[in-house]
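What the coordinates show
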Amino acid sequence: MQDDDLSEIKIEDQKIIDNKELNIFEALVPVVILMILLAVNIFAFEGEMMGAYSNQYILLMGGFVAFIGGMLNKVSPIVMVQEVWENIKSVFVPIMILFLVGALAGTWLISGVIPAMVYYGLQVLSPEIFLPASVIIAAVISIATGSSWTTSATVGIALVGIGTALGINPGMIAGAVISGAYFGDKMSPLSDTTNLAPAMAGTDLFTHIKYMAYTTVPTIIITLIVFGIISANIDPTGDADISSILASIDNTFNITPWLFLVPVGVIVLILLKTKPLVALASGVILAAIFAVIFQSEVLKGLSDSNFSAILNSILTDTDVATDNEKLNDLFSSGGMQGMLWTIFLILCAMVFGGIMDGIGALARITKALLSVATTVFGLFASTVLSCLGLNAIASDQYLAIVIPGKMFKKAYEDKGLAPENLSRTLEDSGTVTSVLIPWNTCGAYQSGVLGVGVGEYFFYAIFNWLSPFTTLLFAAFKIKIKMLRGKL
């Protein structure tokens, strides 16, 4: 999902630290304190209990509580610091991707790429079909690239812009984009998480994808039906003034289909298995060249020199003024600077998750869930809860796949369950729900790139929160639960 090499690193190097001195109560104390503080911050202080970086401070406070717990249980501070460092190293590539996405948004704005996408998109996508169409478009791109991150950074940004211009709730748009992107990410053989889950469970890639389709296809169909109903009943505020919006875009930018060479070039590079960092950097450079060629008037309005205007769009805030107030809000970008809040959130989450791993709390919580799995359904339910919990506690979708995969593998074998049951459950509950946690690397990334908070799109990310329920429903009614040969 983030970078193809990361799955190999996690498989080979991931250690699960088990601390027998730590009881379940001690393991849960930092989690409970973290959740209470986050809830108070959100519901009582609207997310700004300690200023704009409240969530970051709360994660660090939770990490401090876990650190004290580790010290009381004779865990070496060096071990905890090492785990934090390993966590931070694991998000180096995602952080670089975030910086490049910020640069991409700025250069794609001044080059006219995003305005062109909005301009042509408004003429093709009507409000009545917009949301289900967004799901399908995002799904196709994500299957092709194997990356929900790339999908959001390219067509996702454009779809949010088009839908916003139509007057559709940004939370609905982001939810539709994320639903489609994660469906494609799950089903693509190019996705790192799709390769990681069967590797951890002990099955092969294409058996895993085929078995996943039993739960994934019904879930995406339900998602499309719901978005179809929402779209049919939507009352967009921007429908009436589309002609004036198109005129404003045309007056401000030099709109031409040639501008689509930039996003197409990025997608082609991804399809050719170019590293995401290289593909996104190429998109930034290509957009800068196109800005000089096609948008000389826009660059003059931003700075005295083309170089300065392009550099500012990469690094900091850029606003392109039009004669339409709605477009003025849309045609703005924070560049790399705009990604700092998200990056700080990820780093603080890695500190908390690293200390929790270092003191053995993650393994202790997972073992507690495993111990109550006395039935087949209980085993599936424990796996789902473990993945959900690790997405929230460890703030990393890879850990939410690796740790339950290692801990539950033998339990599935003992119950006579084929390994694809475990790999499917890991993806249905680990991969897709990561985006629903604001401080998880995926939740922070998607909200930062799309410019829509997790709280705004949570309800509309239908595919993502419905997937764990689907896998549990199949387990409860024993639908497509494959047993090992010779087992009943």
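Refer to the structure presented above.
Presented here is a report on the structure given in the accompanying data block. (Residues numbered from 1 in each chain as written. Predicted model: local features only at pLDDT ≥ 70, side-chain atom pairs only at ≥ 80, totals over all residues. Heavy atoms only, no water.)

Helices and strands together make up the secondary structure of the protein, namely 25 helices and two strands. The globule rule puts the C-alpha radius of gyration for 488 residues at 23 Å, and the 23 Å found for the protein is close to it. A buried classification covers 57% of the 488 residues belonging to the protein. Put simply, of all contacts in the protein between residues at least 6 apart along the chain, 80% involve residues at least 24 apart. (Helix = DSSP H or I, 4+ residues; strand = E, 2+ residues; numbered from the N terminus. Rg over C-alpha atoms; globule rule 2.2 N^0.38 Å. Buried < 20%, exposed > 50% of the residue type's maximum accessible area, 1.4 Å probe, protein only. Contact = heavy atoms within 4.5 Å.)

This paragraph deals with the pattern of salt bridges. Taken as a whole, this structure holds five salt bridges when the rule is applied. Between Lys-300 and Glu-297 there is a salt bridge, with the nearest N and O atoms lying 3.8 Å from each other. Highlighted residues: Lys-300 and Glu-297, both in helix 15 (residues 296-302), separated by three residues, approximately one helical turn. Take Lys-300 and Glu-297: they sit in the same class, and that class is exposed. A salt bridge links Glu-420 to Lys-482, with the nearest nitrogen and oxygen atoms 3.1 Å apart. Placement of the pair is Glu-420 in helix 22 (residues 419-431) and Lys-482 in the segment after helix 25 (462-476), with a sequence separation of 62 residues. On the accessibility criterion, Lys-482 (43% relative accessible area) is partly exposed. (Salt bridge = Lys/Arg side-chain N within 4 Å of Asp/Glu carboxyl O.)

Here helix 21 (residues 397-414) is 18 residues long and its end C-alpha atoms lie 26 Å apart, about the 26 Å a rise of 1.5 Å per residue gives. Along its length, helix 21 reaches its greatest deviation from straightness, about 40°, at Phe-408. Burial analysis of helix 21 places 13 of its 18 residues in the buried class, which makes it a mostly covered element. Just downstream of helix 21 lies Gly-416, where phi reads positive at about 75°. (Expected span 1.5 Å × (residues − 1). Bend = angle between axes of the 7 residues up to and from the residue.)

A full pass over the atoms with the stated rule returns 11 aromatic pairs. A connected cluster of aromatic rings, assembled from ring pairs, spans Tyr-119, Tyr-120 and Phe-260. (Phe/Tyr/Trp six-rings, centres within 6.5 Å; stacked < 30°, edge-to-face > 60°.)

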